[in-house]
Amino acid sequence: MINSDTIEGVSSITINDSTSEEDDLFDNSIESTTNDTEEMGDTNNSIMTEEDFDLIEHGNTKPPEKGSNELSPIWPSEFPGSECILYFPKEGETVGQLPNSISKYMKWKSLPSSPKVVRHALLNAHFKLVNGGDQWLSCWGKHLPLEKFKKYYPWQRVNHFPLSFEIGRKDKLYLNFVNMQTRYGVEDFDYIPESYILPRSRQQLDRVFSTSKNWILKPPASARGLGIKVISKMVDVPRKKDLICSKYIANPYLINGRKFDLRLYVLVTSFDPLRVYFYKHGLARFASEEYFNTNVKRPKYRFSHLTNYSINKKNKKQVETDTDGIFGSNSRFDMSSNKWSLETLKDYLELNSIDFDPIMKQIHALVVKTMISVQCQNSAGVRLHIPNRTGCYELFGFDVLLDVDLKPWLMEVNISPALKGSCDMDYKLKSALIVDIFNTVGFKVKDIIQARTHVKKKPPAKKQYLTNHERAKHRAVLIGGQDCLTDLTAQDYRMLIETEEENNRKGEFIRLWPSVEFETFSKYFISFNYFDRLIHTWTCRYSNDHQRVIYLRKLLNASIKEGLKLTADSPRNPLVKQKSQSNGLQNYILKRITETPSQAVLKRISTNSSQATINNEELPPKFPKRNVKPHHRLEPIQRI
């Protein structure tokens, strides 16, 4: 076995991590790679052994040695023909090594912004941290420019979506929120305070400024409380600076006289189709001084109005809050660290005869609505910029404030939430969070094999994304109203298996979408595409998780006996193909622009046979370029 801490012939480098203060523990485990060894791949290890095939197909590894408490490094699939993934051990667990021919290619690209908890989880799973090359499996860092997403290989995964700033920027978040208000009414979307984007909305702000005692100014793309100001006069609003000005919630719910907000963690593993997970264990972050509802004229009031930990840790005159009068000498409710766990907050509210469950249900609802509001843009971003549909995942930090009536208000969404632990409780929470993220996302053993046999500068093989039968079914469901759970195709099975196995690995996450609880929220989708309909219909029709897995396994076994081949999903994205391979899709989009749905059904889907087929002879000729306007968009598909 190879020890990840002692690798021969490897030079180490030092990574400066702004989010960690204990980097010395990890400096010696970072492997400095060169491009020479990866120019033509590793010819000595490109031959697959019987052990490797058995590992990929069945997840079988050598049994642990007698007396060993090691767990298997593989999480086998529950479905025949599906792929096994790597297992990331939790605190107190250890996992064995994969065969040497595979384990030496378990590489993770370490970036300067990679947090300590991420590197710790990787080393526990026997990953090697590298700072270069192309054979790494994934990376964790800051958001990248759009052009860099196209350079990734199909087996690589990154921790951001190309267009996640549609929710991470405060101005974009509010514009998408207003769009949903316009479409579906203010009654359903009322969880973000009234805001104005400056400087273009300065006149509108001037007319309503007197309706609130205080307003809060925020830069649209900042974090950690930088640039935030609470103002009470219109003259304090800059005239040319890009800002977002929101009504200040003057009546927040207080605990022992101090204001607080909630930092909640939301994982999105896919936007196409949308899958959203909510972490059970969040944080309550307190202001370091007692709250006073007064005009903000002096800097000291920042410590009573703002709850950002990065701001309040700088307060040298933090007040000591006495809780003995209510809770006795219970140290569980100590506020010296300015942080509570979500469980501690729940216990506090229950001691004050407040039921926390209805509050959490409202928070879950606003999380799902927020993600649906940006689903259309982000799914398009994945199709346009990523060579692999499953090449991205992202952790979002939702900041939620409770007012005196315990109504949750969404303050902002962070696309790179801080993962540095400021205390033991904080560090343990975030360490467990990262492990559950990696297990939920699922890193396939097959991807390691693909990275091992990679030949640099050689493009991956191009395969057809959908068969003609699958394309016909998609159109019949989206246009003709066919039930998507009838006549399941191989692609349907792969999507359902991916969704169910991800749900089984979620750990301490709660899957918010798709879910039966928010079944009616499908009406909020601007574009409810085929795979979103498929997993939503499947989840709501068979609500029990365990029974749903059993039924899917039974359907799959029956289909395999009838000749279904559950081949691996194509690594290529349909919109990243060459021009000659995308003409069919391009013609279909042009036809949808010029035809009504009823005409499309009559001309493009033949219903005379038992199986719908595409009549390619009736495709319209390619339009001249001068008649095709780039701003054309498909009309929203009528919901079923």
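The coordinates are above.
This is a predicted model, so every value here is computed, not measured.

Q: Looking at this structure, I do not really get the overall build of the protein chain. What am I missing?
A: Summing up its helical and strand segments, the protein chain has 22 helices and 21 strands in all. Relative to its 640 residues, the protein chain shows a buried fraction of 53%. A fraction of 71% describes how many contacts in the protein chain between residues 6 or more apart in sequence connect residues 24 or more apart. Of the roughly 30600 Å² that the protein chain leaves accessible, carbon and sulfur atoms contribute 50%.

Q: Would you explain the environment of serine 72 in this entry?
A: Following the sequence through the fold, serine 72 ends up in the loop between helix H2 (50-58) and strand S2 (74-75). Spatially, the C-alpha atom of serine 72 lies 8.7 Å from that of threonine 94, the residues being 22 residues apart in sequence.

Q: It is not clear to me how the pattern of salt bridges should be interpreted in this structure. Could you clarify?
A: Oppositely charged side chains are able to pair whenever their charged atoms sit close together. Scanning all chains against the criterion turns up 22 salt bridges. For arginine 169, the salt bridge goes to aspartate 171, with nearest N and O atoms at 2.8 Å. With relative accessibility at 13%, the residue aspartate 171 sits in the buried group. Ionic pairing is found between glutamate 412 and lysine 218, a salt bridge with its closest N-O pair at 3.8 Å. One end of the pair, glutamate 412, is in strand S18 (residues 408-414); the other, lysine 218, is in strand S9 (residues 215-218), with 194 residues separating them in the sequence.

Q: Before we go on, may I ask you to explain empty space enclosed by the protein in this structure?
A: One pass over the full model with this rule turns up six cavities of 30 Å³ or more. Here the largest cavity is characterised by a volume of approximately 380 Å³. Residue lining of the largest cavity: 26 residues in total, with Ile216, Lys218, Leu410, Met411 and Glu412 positioned closest to the centre. Counting only elements with at least two residues in the lining of the largest cavity, the list comes to helix H7 (170-184), S9, strand S11 (243-247), strand S13 (258-271), strand S17 (394-402) and S18. In terms of residue class, the lining of the largest cavity is made up of 13 nonpolar, five polar and eight charged.

Q: So what exactly am I meant to see when it comes to the pairing of S9 here?
A: The alternating pattern of S9 places Trp215 and Leu217 and Ile216 and Lys218 on opposite faces, both of which are buried. Pairing of S9 with strand S10 (residues 229-231) involves three bridges; the strand directions are antiparallel. By the bridge assignment for S10, isoleucine 216 is matched with valine 230. By the bridge criterion, four bridges tie S9 to S11 in an arrangement that is antiparallel. If you follow leucine 217 over to S11, its bridge partner there is cysteine 245.

Q: I'm lost on the sheet that holds S11 in this one. Help?
A: Hydrogen bonds along the backbone pair up the strands of a sheet, which may run parallel or antiparallel. Pairing is antiparallel across the open sheet formed by four strands, whose spatial order is S8-S11-S9-S10. Strands at the two margins of the open sheet, each flanked by one partner only, are strand S8 (195-198) and S10. When the angles between neighbouring strand axes are averaged without regard to direction, this sheet yields 25°.

Q: Looking at this model, I keep getting lost on the packing of helix H4 (residues 116-124) against helix H15 (residues 424-441). Mind explaining?
A: Geometry of a packed helix pair, given as the angle between the helix axes and the separation of the axes. Where H4 meets H15, the closest approach of the two axes is 9 Å, and the angle between their N-to-C directions is 55°. With respect to H15, the element H4 is oriented oblique. Along this stretch, H4 crosses H15, giving a crossing that reads as right-handed. In contact with Lys116, Val117, Val118, His120, Ala121 and Leu122 of H4, H15 contributes Tyr427, Lys430, Ser431, Ile434, Val435 and Phe438.

Q: How do you make sense of the packing of aromatic side chains when you look at a structure like this?
A: Each aromatic ring pair is characterised by the separation of its centres together with the angle its planes make. Counted by the stated rule, this structure contains 40 aromatic pairs. Ring centres of phenylalanine 88 and phenylalanine 127 lie 5.7 Å apart, and the angle between their planes is 10°; this geometry places the pair in the stacked category. Highlighted residues: phenylalanine 88 in the loop between strand S3 (85-86) and helix H3 (100-103) and phenylalanine 127 in the loop between H4 and strand S5 (128-130), separated in sequence by 39 residues. As far as the burial class goes, phenylalanine 88 and phenylalanine 127 line up, both buried. Measuring from ring centre to ring centre gives 6.1 Å for tryptophan 140 and phenylalanine 438, while their planes differ by 80°; the resulting arrangement is edge-to-face. With tryptophan 140 in the loop between strand S6 (138-139) and helix H5 (146-149) and phenylalanine 438 in helix H15, the pair connects residues that are 298 residues apart, well separated along the chain. The exposure classification of tryptophan 140 matches that of phenylalanine 438, with both residues buried. A network of ring pairs unites the aromatic residues Tyr174, Phe177, Tyr184, Phe189, Tyr191, Phe518, Phe521 and Tyr524 as a single cluster. When the ring centre of tryptophan 409 is taken as reference, the NZ or CZ atom of lysine 407 above it lies at 4.2 Å. Its guanidinium or amino end placed over the ring of phenylalanine 79, arginine 553 lies 5.8 Å from that ring's centre, counting from NZ or CZ.

Q: Just to check I follow, could you spell out helix H12 (residues 342-351) for this structure?
A: Burial in H12 covers these residues: Leu342, Thr344, Leu345, Tyr348 and Leu349. End-on, the buried residues of H12 take up no more than an arc of 160°, which puts them together on one face. Following H12 by one or two positions, serine 353 has its phi on the positive side, about 60°.

Q: Looking at this structure, I do not really get H7. What am I missing?
A: Residues spaced three or four apart along an α-helix face the same direction, because each turn holds 3.6 residues. Helix length check: H7, at 15 residues, gives a terminal C-alpha distance of 21 Å against a target of 21 Å (1.5 Å per residue), a fit within 8%. Looking only at H7, the buried set comprises Lys170, Asp171, Leu173, Tyr174, Asn176, Phe177, Met180 and Gln181. Two residues or fewer past H7, glycine 185 is found with a positive phi of approximately 100°.

Q: Got a minute to help me understand unusual backbone geometry in this structure?
A: Only a minority of non-glycine residues have a phi that is not negative, and only a minority of peptide bonds are not trans. That bond from leucine 198 to proline 199 is cis: its omega, 10°, falls within 30 degrees of zero. Mapped onto the elements of the fold, proline 199 is located in the loop between S8 and helix H8 (202-208). With an omega of -5°, the peptide bond running from tryptophan 513 to proline 514 counts as cis. Positive phi outside glycine occurs at histidine 126, with the angle close to 70°. Position of histidine 126 relative to the elements: it lies in the loop between H4 and S5. In this structure, asparagine 256 takes a positive phi of about 55° despite not being glycine.

Q: Explain the nonpolar core to me, please; I cannot follow it from the model alone.
A: The nonpolar side chains of a soluble globular protein tend to be buried, and buried together. Ranked by size, the top nonpolar core spans 68 residues in total, and within it Leu345 and Phe398 carry the most contacts. Of all the elements, helix H13 (residues 357-373) adds the most residues to this core, at nine residues. Beyond its immediate stretch of four places on either side in the chain, leucine 345 contacts Ile255, Phe260, Leu262, Ala284, Trp340 and Phe356. Trp155, Phe438, Val441 and Ala451 belong to the second-largest nonpolar core, a separate cluster that totals 42 residues.

Scoring rules and cut-offs
Residues numbered from 1 in each chain as written. Predicted model: local features only at pLDDT ≥ 70, side-chain atom pairs only at ≥ 80, totals over all residues. Heavy atoms only, no water. Helix = DSSP H or I, 4+ residues; strand = E, 2+ residues; numbered from the N terminus. Buried < 20%, exposed > 50% of the residue type's maximum accessible area, 1.4 Å probe, protein only. Contact = heavy atoms within 4.5 Å. Areas by Shrake-Rupley, 256 points an atom, 1.4 Å probe, with all protein chains shown as cover. Salt bridge = Lys/Arg side-chain N within 4 Å of Asp/Glu carboxyl O. 1 Å grid on protein atoms, 1.4 Å probe; cavity = no way out; pocket = protein on both sides within 12 Å on 5 of 7 lines; lining within 4 Å. Points joined across faces, edges and corners; volume = space filled by probe spheres on them. Nonpolar A, V, L, I, M, F, W, Y, C, P; charged D, E, K, R; others polar. Pairing = 2+ DSSP bridges. Axes fitted to C-alpha atoms, helices over the stretch in contact; angles between N-to-C directions. Parallel < 35°, antiparallel > 145°, perpendicular 65-115°, else oblique. Left-handed = near helix turned anticlockwise from the far one by under 90°. Phe/Tyr/Trp six-rings, centres within 6.5 Å; stacked < 30°, edge-to-face > 60°. Lys NZ or Arg CZ within 6 Å of the ring centre and 35° of its normal. Arc of directions from axis to C-beta. Expected span 1.5 Å × (residues − 1). Core = buried A, V, L, I, M, F, W, Y, C linked by side-chain atoms within 4.5 Å.

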